[in-house]
Amino acid sequence: MNMSTQLNSNQQEAIACTKGPLLVLAGAGSGKTRVITSKIAQLIREEFVPESHILAVTFTNKAAGEMKRRAMGMLNRPHLGTTISTFHSLCLRILRREAVLLGYTSNFSVCDSADALSLIKRILSETGRKNQKEYAPKKVQALISAVKNQSASDRKLEQLPAIDQILDQYDAALRQNDLMDFDDLLLNTVAIFEQNPSILAHYQSQFPYMLVDEFQDTNATQYRLIRLLAETAIHICVVGDEDQSIYGWRGADFENILNFPRDFDGCRVIKLEKNYRSTSKILDIANAVISHNSMRNPKVLYSDIHTDGEFVLYEAPMPQEEGVFIAKQVQALRQQGVPLNDIAVLYRANYLSRTMEDAFRRRNIPYRIVGGYKFYDRKEIKDILGYLRIIRNPSDNLSFRRIVNVPRRKIGPATIEKLESIHPVLFKSLEQLPDRFPRKQELKEFHSIIESFRKREDFGPDFLRDLIERIGYIEMLKAEEETLEAETRMENLSELVTVVGDYLDAEENPTLNGFLDTVSLLSDTDEIEDDDRVNLMTIHCAKGLEFNSVFVCGLEEGTFPNQRTMGSSRELEEERRLMYVAITRAKQNLYLSFSRERGWKWDMNRKKMSRFVKEIPLNLLKVNRPVTGLSHSRLLTAAHSSSIQPKHPNSDNSESTCTIQKGDTVMHHSYGEGAVLNVVNGNRMVVKFKRAGIKVLNSRLVQLKKD
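What you are looking at is a predicted structure, and each value in this text was computed from that prediction instead of being measured.

Criteria and thresholds
Residues numbered from 1 in each chain as written. Predicted model: local features only at pLDDT ≥ 70, side-chain atom pairs only at ≥ 80, totals over all residues. Heavy atoms only, no water. Helix = DSSP H or I, 4+ residues; strand = E, 2+ residues; numbered from the N terminus. Contact = heavy atoms within 4.5 Å. Areas by Shrake-Rupley, 256 points an atom, 1.4 Å probe, with all protein chains shown as cover. Buried < 20%, exposed > 50% of the residue type's maximum accessible area, 1.4 Å probe, protein only. Pairing = 2+ DSSP bridges. Axes fitted to C-alpha atoms, helices over the stretch in contact; angles between N-to-C directions. pLDDT = per-residue confidence, 0-100. Phe/Tyr/Trp six-rings, centres within 6.5 Å; stacked < 30°, edge-to-face > 60°. Arc of directions from axis to C-beta. Polar contact = N/O pair within 3.5 Å; in protein donor to acceptor, adjacent residues only side chain to side chain. Right-handed = clockwise from strand over helix to strand, strands pointing away. Parallel < 35°, antiparallel > 145°, perpendicular 65-115°, else oblique. Left-handed = near helix turned anticlockwise from the far one by under 90°. Nonpolar A, V, L, I, M, F, W, Y, C, P; charged D, E, K, R; others polar.

Participant: Help me understand the overall build of the protein chain, please; the structure alone is not making it clear to me.
Facilitator: Helix and strand counts for the protein chain stand at 28 helices and 22 strands. By sequence separation, contacts in the protein chain at least 24 residues apart represent 73% of the contacts at least 6 residues apart. About 30800 Å² of surface is accessible on the protein chain, with carbon and sulfur atoms providing 47% of the total.

Participant: Would you explain the pairing of strand 1 (residues 20-26) in this entry?
Facilitator: The two faces of a sheet get side chains in turn, since along a regular strand they alternate between them. Burial runs high along strand 1: six of the seven residues are buried. Sheet topology places strand 1 next to strand 7 (residues 235-240); six bridges connect them, and they run parallel. Residue L22 lies in a different strand from strand 7, and its bridge partner there is C237. Where strand 1 and strand 8 (residues 268-272) come together, five bridges link them in parallel fashion. Looking at strand 8, one finds that V24 is bridged to I270.

Participant: How should I be thinking about the sheet that holds strand 6 (residues 209-212) in this particular structure?
Facilitator: As a general point, the strands of a sheet are linked pairwise by backbone hydrogen bonds and lie either parallel or antiparallel. Spatially, 3-2-6-7-1-8 is the arrangement adopted by the six strands of the open sheet, whose pairing is parallel. The two strands at the open ends of the sheet, each matched to only one other strand, are strand 3 (83-86) and strand 8. With direction set aside, neighbouring strand axes in the sheet form an average angle of 15°. In terms of strand pairing, strand 6 meets strand 7 through four bridges, oriented parallel. Across the sheet, residue Y209 finds its bridge partner in strand 7, namely H235.

Participant: Sorry, what's going on with the confidence of the model for the protein chain here?
Facilitator: Do not read the predicted coordinates in detail wherever pLDDT is low. Taken as a whole, the protein chain shows an average pLDDT of 84; of its residues, 85% reach a score of 70 or greater. Element-level pLDDT for the protein chain is lowest in helix 7 (residues 152-155), with a mean of 40, against a maximum mean of 98 in strand 13 (residues 547-552). A low-confidence stretch, residues 523-530 (pLDDT under 50), is modelled with six contacts involving residues beyond four sequence positions or located in other chains.

Participant: What am I meant to see in the side chain of S245 here?
Facilitator: Mapped onto the fold, S245 is located in the loop between strand 7 and helix 12 (255-263). Discounting chain neighbours no more than four positions away, the residues touching S245 are Q216, D217, F254, E574 and R577.

Participant: I'm lost on the packing of aromatic side chains in this one. Help?
Facilitator: Any aromatic ring pair is given by two values, namely how distant the centres are and how the planes are angled relative to each other. Under the criterion given, the structure shown has 18 aromatic pairs. A ring pair is formed by F193 and Y203, whose centres lie 5.7 Å apart and whose planes are at 45°; its orientation type is tilted. Taken together, the positions of F193 in helix 9 (residues 182-195) and Y203 in helix 10 (residues 197-206) put the pair ten residues apart, joining distant regions of the chain. Look at F193 and you get buried, because its relative accessible area is 1%. According to the relative accessible area criterion, Y203 is buried, its value standing at 3%.

Participant: I keep staring at helix 1 (residues 9-16) and nothing clicks. Help me out?
Facilitator: For helix 1, the full list of buried residues reads Q11, A14 and I15. All buried residues of helix 1 fall inside an arc of 100° around its axis, so they share one side. On the buried face of helix 1, the contacting elements are strand 1, helix 2 (32-45) and strand 8. Looking at where helix 1 begins, the residue whose side-chain oxygen comes 3.1 Å from the main-chain nitrogen of N10 is N8.

Participant: Any chance you could explain the pairing of strand 7 here in plain terms?
Facilitator: Strand 7 sits mainly inside the fold: six of its six residues count as buried. Side chains of strand 7 alternate between two faces, with H235, C237 and V239 and I236, V238 and G240 buried alike. Note that the unit made of strand 6, helix 11 (residues 220-229) and strand 7 has a crossover that is right-handed.

Participant: Would you mind showing me how to read the sheet that holds strand 17 (residues 622-624) here?
Facilitator: Spatial ordering of the open sheet is given by 11-12-10-13-14-9-17, a layout of seven strands whose pairing is parallel. Each end of this open sheet is capped by a strand with a single partner; those strands are strand 11 (367-369) and strand 17. The mean angle between the axes of side-by-side strands here comes to 20°, regardless of whether they run parallel or antiparallel. With six bridges connecting them, strand 9 (residues 311-316) and strand 14 (residues 586-595) associate as parallel partners. Note that in strand 14 the partner of L313 across the bridge is L592. Here helix 13 (residues 280-290) sits on the sheet and contacts strand 9 and strand 14; the angle it forms with strand 14, its principal contact strand, is near 45°.

Participant: It is not clear to me how the packing of helix 14 (residues 319-335) against helix 15 (residues 353-362) should be interpreted in this structure. Could you clarify?
Facilitator: The N-to-C vectors of helix 14 and helix 15 enclose an angle of 50°; their axes lie 8 Å apart at closest approach. As summarised for this structure, helix 14 and helix 15 are arranged oblique, according to the angle between their axes. For the pair helix 14 and helix 15, the crossing hand works out as right-handed. Taken together, the residues of helix 15 that come into contact with helix 14 (itself represented by P319, Q320, E322, G323, V324, I326, A327 and V330) are T355, M356, A359 and F360. Taken together, the residues of the contact of helix 14 with helix 15 break down into eight nonpolar, three polar and one charged.

Here it is, written out as structure tokens:
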């Protein structure tokens, strides 16, 4: 079979280049895996390079396995002597032979992330820092890794005064136990090469031909390793795309790909800009967005696929309407014959999945959360629901066992076993604790918290916020989790507060019992045994995947781009690359959506449409919104100027401004009668209800009627 007939001219040029340094800038969907595997086959079959003289490195075992399978298929061979592996696998293989040079045995063990975290916790305990919030174990672990890989400053991790001392103790403990963590596998290999020229020369002669995939994701240590091995290489080819570099938060440095031509004299650069995945219009949208980044190699993706598709921008008044819109579009696509598993809903942060999940469940649309948990399966959600269940039903021993030591109160299985001997209902045993019972003070405090909330009759968002604060859950997250992980969990808890608010608005007689019953029905829905499901995932999880139809939701300033990136042009460009990756997952249909209001604390916050949407030319999108009264051209102009004023989702025309004024008496289906204290921006009202107190309400979210 002639490979050249299946390749475009740029791909053929990249494959034919087998001497000197080569940078292949491979745009999304441009067939880079085919180029790499074809290049391996070319070197072996046409250049007569011994299989063992070729080294191909990538980032995941799955990618390495796929590369090897494709190369064997092209060569029609059942086995291949070429080294195709991940960075860590390559280094582990080298260290099994050479680690003795650094004082390790050849049988050293690899310390995984969980074991490394346990070791860090022990060190923090031994040095008196166990309960110091700034020395949260996961935060320390992340900082140690960043320091080792020289990326702490880039990641803007909080610097700790004693980090050098902790790192020394951590490294000493690893050495004492003949252990290496994942970072050590890379660092120690580099150290051996730099300290032992003869060892380096051996491996350089073993791999005179080198190929590196996903080069934009390499960190400083990995790049040092590549440069060392490639010093005498006959051919070094790196393949990547800085426009798809989205892992800066874990140490990847996209500037490696920008610096490669400077660091390797005589480097040849070949661009793969023809896309085989998406329609030309989707690529026009993607090109428009990414062109606003300054730190990149200019390239413009194009495609020969000119079929029609849907390219929609949807403006929702509230997140619930955004979820409904996406669910309805999914149903329409299904009726058109698009398999559900060829549809993806992508979002910037996990908490955004909740309204999508609710909308899908109501319409019996099967879905899966890829690379994560469904909203009600997430630990922090189950923990707080456990508290609510024990408040409702003190006889619930299952919930008691889950939450009695969350946050940590040093109450373990032995203490619970002693409680069982006092009373079969564990919560009731707390009322009969004998003197000198283990952790009696902590158990009494736990009992007091539960009883205080059992006496309250104001179940709602404030109730839940007070509970989360009273038990110290946020403080626990900040102390135990890495910063990004803690933020994600806090966002999920804030979304749970929003769930409670939604429940109050939907029910005539809202109660804690009713809420828990509603949640149980949602979270315990029988899973449909069917692989044909919509894929819900973060954009990071979607990297490398493709779908017929893609929905990108939550496109508001502060949501996407994320609020914490606003002050850094470097981080903002990574957010834009993330948007580019999301868009280029789509093959046929692309739907972008945002909500005019979004809140983490029930009282909704006004939102502006994401700058990334504004960067898309007006003629490329059809703007859709749940009200009528504006022409298509005016909708486009208004969307890009952020001047569209949201109206009530049930309005039939554009004259839907709230007519309730300060001083009016109103009725609410849950709160009853109340007096309007103030009206803000025509749709936000401060109302004092006779039995529910003061509430801030949104006229588009709840229905208020004058007496």
